[in-house]
Structures are given as C-alpha cells and as structure tokens.
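A look at the structure
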Amino acid sequence: MVTETEEKQQGSCFTYIVRCADGTFYTGWTVDLQKRLHAHNSGTGARYTRSRRPVELAYYETFATKQEAMSREAAIKKLSRKEKLRLMNGEENG
C-alpha cells in the first residue's frame, strides 16, 4: 500500500476541472487535489474561482510528472465548453 506521502514523492500530479457556482468551469493542475479544492472553496485558490464559490470537482486525470499535468491542463483549456462537457461525461478523451 502506498501512503499519501510516498505518492507525492513518486510525483503524482493531477489535472482537474471544477464546476463553479455560476456554472462555469475552471481547469488547473496540482499535486494535492483535496488541498487544492479546499483552497478554491476557502477563497485562497485561483482568482477566477474566488467570486464563483462554491466549486465542485467535475473531472480529473492523474499524471506522473508536473510537465504532463501542465501540458494536459493547457490542452483542456483550449477545448470548447461542449468538448469539456463530453470529456467530463466520458464521451471523449479530449
């Protein structure tokens, strides 16, 4: 069994999409998904989400490296809203 600390040392990174209270989406990346969600909901996360709380996790992917997660974040941000919805519904790999 891998502990949370060991997982962080192994380099698990996440690319995620949250649904904001106003129905918009925010895409980001992190090494600690739960901590980042808490930051978004406490108002210390991204400026975009501060006025759109609460947010809820809508989708995430796991990567071995920061570079992979950041690259995927950039790719997802280029998708249209319709394409993001399909991705979140498992209809498309984006």
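As a reminder, the structure under discussion sits directly above these lines.
Presented here is a report on the structure given in the accompanying data block. Sequence order as written defines residue numbering, which begins from 1 separately in each chain. A pLDDT threshold of at least 70 governs which residues receive local features in this predicted model, and a stricter bar of 80 or more applies before side-chain atom pairs are shown or counted, although totals over entire chains, interfaces and linings include all residues. Side-chain numbers come from the whole structure's heavy atoms, not from hydrogens or water.

Quick look at the pattern of salt bridges
Note that side chains of opposite charge can pair when their charged atoms are close. What counts, and what does not: When a carboxyl oxygen of Asp or Glu is within 4 Å of a side-chain nitrogen of Lys or Arg, the pair counts as a salt bridge. What counts as a helix is a DSSP run of H or I of at least four residues, what counts as a strand is a run of E of at least two, and both are numbered from the N terminus. For each residue, the accessible area found with a 1.4 Å probe, counting protein chains only, is set against the maximum for its type, and the residue is called buried under 20%, exposed over 50%, and partly exposed in between.
Counting across every chain of the model gives 3 salt bridges. Put simply, arginine 72 and glutamate 61 hold a salt bridge, and the shortest N to O gap is 2.9 Å. Pair noted here: arginine 72 is in helix α4 (residues 66-77) and glutamate 61 is in strand β3 (residues 56-63), with a separation of 11 residues, a long-range link. As far as burial versus exposure is concerned, arginine 72 and glutamate 61 are alike and both buried. Between lysine 77 and glutamate 73 there is a salt bridge; the shortest N-O distance is 3.0 Å. Residue lysine 77 and its partner glutamate 73 are located together in helix α4, separated by 4 residues, close to a single helical turn. Judged by relative accessible area, glutamate 73 falls into the buried class, the value being 12%.

Observations concerning helix α2 (residues 33-42)
To be explicit about the condition: Taken from the helix axis, the directions to the C-beta atoms give the arc we talk about. Any two residues whose heavy atoms approach within 4.5 Å are treated as being in contact.
Buried within α2 are the following residues: Leu33, Leu37, Ala39 and His40. For α2, the arc enclosing every buried residue in end-on projection is 155°, short of the 170-degree limit, so these residues lie on one face. Along α2, the residues that are exposed and aim more than 90 degrees away from the buried face are Gln34, Lys35 and His38. Among the structural elements, β1 (13-19), β2 (25-30), α3 (47-50) and β3 are those in contact with the buried residues of α2.

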